[in-house]
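# Structural overview for review
Now for the letters of each chain:
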Amino acid sequence: MIQVFRRDVVLSIRSGGGFGLALIFFLIVVVLVPFALGPDQSLLAKIGPGLLWLGALLACLLSLDRIFGMDYEDGTLDLLATSPLPLEGVYLAKSAAHWLTTGLPIALAAPVLGVLLNLNFYVSGVLCLSLLLGTPTLSLIGSFGATLTLGVKRGGLLLSLLVLPLYIPTLIFGALAVHAAALGHTFEGPLIFISAISLGAIAILPFFSAAALRINLS
Amino acid sequence: MPELGKYATEVASAYGVTFLLLVIVSIFYWQKSRIFKRRLLAVEMRKDA
Amino acid sequence: MSIQSGIKYFWSSFWQLANPKIFMGWSGLWLPWVIACTVICLSTGLIWGFFFTPDDVRQGSTVKIIYLHVPSALMAINGYFLIVVGSLFWLIRRQHVSVLAAKAAAPVGMTMTLIALATGAIWGQPMWGTYWVWDPRLTSFLILFLFYIGYLALWKAIEDEDKAADLTSVLALVGAVFAVLSRYAVLFWNQGLHQGTTVTIADGVNQENISSVFFQPLLLSMVGFGLLFFALLLVGTRTEVRARRLKVLEAFERAH
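Before going into details, it helps to say that this report is about the structure given with it. (Residues numbered from 1 in each chain as written. Chains lettered and ligands numbered in written order. Predicted model: local features only at pLDDT ≥ 70, side-chain atom pairs only at ≥ 80, totals over all residues. Heavy atoms only, no water.)

### As for the overall build of chain B
When helices and strands are tallied, chain B shows one helix and zero strands. Split by element, the accessible area of chain B, about 3400 Å² in all, is 68% carbon and sulfur. (Helix = DSSP H or I, 4+ residues; strand = E, 2+ residues; numbered from the N terminus. Areas by Shrake-Rupley, 256 points an atom, 1.4 Å probe, with all protein chains shown as cover.)

What follows is the structure, given as structure tokens:
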């Protein structure tokens, strides 16, 4: 399992997709927004949190079909299926690798980019925390969607369509936490909800995804 | 026709949209049913012949 | 016949419907009657509601939209529920008819969602002053609409029928979990404009929330929408069963 994880991380870094792609996309979104909406500081501070969350979500979507796509095409996935590692483990390892190469860098970069959107230090901290807790869910749900659309040619759009409704609860609570912090309210409630969704996703989705993988490989 | 008062457009368009959608979906199901019924019948005839 | 043996008989004959041949015979027999009842209930309910009910004191004549909005919303949710149940039966018992019924329910469920959204928007403009608000109920319905589109798109995208049935069933189950989650998430996110549930059977009896002048035609059109849904479901499932058989026969022809 650790080997699958390591292999995926190394592959995505070497192929130049993983780390760079999501992060650069995130950067582009954040940099372009002030140009689109005008440089009004108070407006940027108001919409900043939600915007950073939206950017993170879209950046996550961008690399989803790579999680299983290549391995499915060149037969690696068939090999993995016959290995002693259960498919639930393959799914978890691949989701973790995806998170490490997209979710984690985005969560760490968000406070830095938050400065551009006039977020103060405190709000940026909460933003970073909420992204750290929330992006694992995005990766988990995303790889679940990827297992569903494995056999589909050009499944990228379909994948986004399937995954978007599932992302909504995480997005709501994530943005809610940061907004609450920006307004000076308590933000623990939404954060607890995000963590609950993440834990629930870790508990349930491996079984559904492994089932979908088995169906696709049969 | 009942007196719809100042909301006549709203009520009429709500009923209009609903009927339109219901008719479209019904025709969709009906057409699909007819096509497959005919195709299946043709294949069954060939099989029996 | 005692009640127990009656229930037992019902379930044994219910499961027999999983046999495509028995299903086709049974549905073919009942379909004309279901269609006839649909026409009667729907036309009576809507004509009664449209022509012979008074205007509401506050809402004026827009109250007449309720005879379309509430039944379609009800069937939109029931449609998704039916997809989940059909998928579950398919995954557990591997009976084709149940998953084909789930597939057949999707387009009409999607249409019902669209009707509920459209009539709600038309009603919202004069009453709330806007076509659309990001209110929990409205948002949930928009999410429901997205689910329907995704479900149908996945069916379309996968060539192999059994594989498509399996994968869409998995999607429907996970979707159901997240549908409940979204429902509660949007409640936190925005306290809405939408009024609480207006119609329950108990209200109709107690006449607290809604007066019986409006309730009786509403009930009738709810039954009408339900029957229409059922009729289209039967037609659709029959089509899917036929399509399945057609595919088998054509493959057989090619092989010989």
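Now that the structure has been shown, we can carry on.
### Here we look at the overall build of chain C
Scanning chain C from terminus to terminus reveals eight helices and zero strands. Tracing chain C from N to C terminus, the helices and strands come up as α-α-α-α-α-α-α-α. Relative to its full complement of 256 residues, chain C shows a buried share of 51%. Residue pairs at least 24 apart in sequence account for 76% of intrachain contacts in chain C once pairs closer than 6 positions are excluded. Per element, the accessible surface of chain C, about 12300 Å² overall, is 69% carbon and sulfur. (Buried < 20%, exposed > 50% of the residue type's maximum accessible area, 1.4 Å probe, protein only. Contact = heavy atoms within 4.5 Å.)

### Things to note about the interface of chain A and chain C
Tallying the contact residues gives 23 residues for chain A and 25 residues for chain C. A combined buried area of about 2200 Å² lies between chain A and chain C, and 89% of that area is made up of carbon and sulfur atoms. At the boundary of chain A with chain C, the tally comes to zero salt bridges. Linking chain A with chain C are one residue pair in polar contact (both at pLDDT 80 or more), by the criterion used here. Elements represented by at least two residues in the side of chain A that touches chain C include exactly α7 (121–148), α8 (156–182) and α9 (188–217) of chain A. Tallied by class, residues from the side of chain A that touches chain C come to 20 nonpolar, three polar and no charged. (Buried area = accessible area lost by both parts, 1.4 Å probe. Salt bridge = Lys/Arg side-chain N within 4 Å of Asp/Glu carboxyl O. Polar contact = N/O pair within 3.5 Å; in protein donor to acceptor, adjacent residues only side chain to side chain. Nonpolar A, V, L, I, M, F, W, Y, C, P; charged D, E, K, R; others polar.)

### Some words on unusual backbone geometry
Even without a glycine there, the phi angle at C:R94 is positive, about 55°. As for its placement among the helices and strands, C:R94 is situated in the loop between α3 (66–93) and α4 (96–128).

### Structural notes on α3(C)
The end-to-end C-alpha distance of α3(C), which contains 28 residues, comes to 39 Å, matching closely the 40 Å that a straight helix rising 1.5 Å per residue would cover. Note on α3(C): the residue one or two positions beyond its end, C:R94, has a positive phi of about 55°. (Expected span 1.5 Å × (residues − 1).)

### Here's the deal with the arrangement of the chains
The interface with the most contacts, out of two pairs of chains in contact, is the one formed by chains B and C. The two units chain A and chain B remain apart, with a minimum C-alpha distance of 23 Å.

### Brief notes about the nonpolar core
In this structure, A:F68, A:L148 and A:Y167 are the most contacted members of the largest nonpolar core, which totals 141 residues. Of the residues forming this core, the biggest block, 15 residues, is contributed by α4(C). Setting aside residues up to four positions removed in sequence, A:Y167 forms contacts with A:L57, A:C60, A:L61, A:L64, A:L138, A:I141 and A:G142. The next biggest cluster of nonpolar side chains, apart from the first, holds six residues, and it includes B:L40, C:A243, C:L246 and C:L249. (Core = buried A, V, L, I, M, F, W, Y, C linked by side-chain atoms within 4.5 Å.)

### Description of the interface of chain B and chain C
Contacts between the two partners involve 29 residues from chain B, matched on the other side by 39 residues from chain C. The largest contributions to the chain B side of the interface with chain C come from B:Y7, B:Y15 and B:Y29, which together make up 22% of the buried area. Viewed at the interface, chain C and chain B are joined by four salt bridges. With a shortest N-O distance of 2.8 Å, B:E44 and C:R245 are connected by a salt bridge. One can count six residue pairs in polar contact (both at pLDDT 80 or more) joining chain B with chain C. For the side of chain B that touches chain C, the per-class residue count stands at 17 nonpolar, four polar and eight charged.

### A closer look at the side chain of A:S139
Looking at where A:S139 falls in the secondary structure, it is placed in helix α7. Setting aside its immediate chain neighbours within four residues, A:S139 contacts A:S95, A:H98, A:W99 and A:T102.

### So, the packing of α3(C) against helix α8 (residues 212–255) of chain C
If you want to describe how two helices pack, look at the angle between their axes and the distance between the axes. Residue and element names in this part refer to chain C. Running from N to C, α3 and α8 cross one another at 40°; their axes reach a closest spacing of 9 Å. Relative to α8, the element α3 lies oblique. The two elements α3 and α8 meet at a crossing, and its hand is right-handed. Two secondary-structure elements touch here, α3 through I66, Y67, L68, V70, P71, S72, L74, M75, G79 and L82 and α8 through F214, P217, L218, S221, M222, F225, G226, F229 and L233. The residue makeup of the contact of α3 with α8, split by class, is 15 nonpolar, four polar and no charged. (Axes fitted to C-alpha atoms, helices over the stretch in contact; angles between N-to-C directions. Parallel < 35°, antiparallel > 145°, perpendicular 65-115°, else oblique. Left-handed = near helix turned anticlockwise from the far one by under 90°.)

### Examining the environment of C:K21
All names here are of chain C. Mapped onto the secondary structure, K21 falls in helix α2 (residues 20–51). Owing to a relative accessible area of 70%, K21 belongs among the exposed residues under this scheme. As a C-alpha pair, K21 and V241 span 220 residues in sequence and 9.3 Å in three-dimensional space.

### Brief notes about α8(A)
Along α8(A), the sharpest kink reaches roughly 40°, centred on A:Y167 and followed within four residues by the proline A:P169. Once α8(A) ends, the next one or two residues include A:G184, with phi positive near 85°. (Bend = angle between axes of the 7 residues up to and from the residue.)

Function cannot be read off these values alone, since they describe shape.
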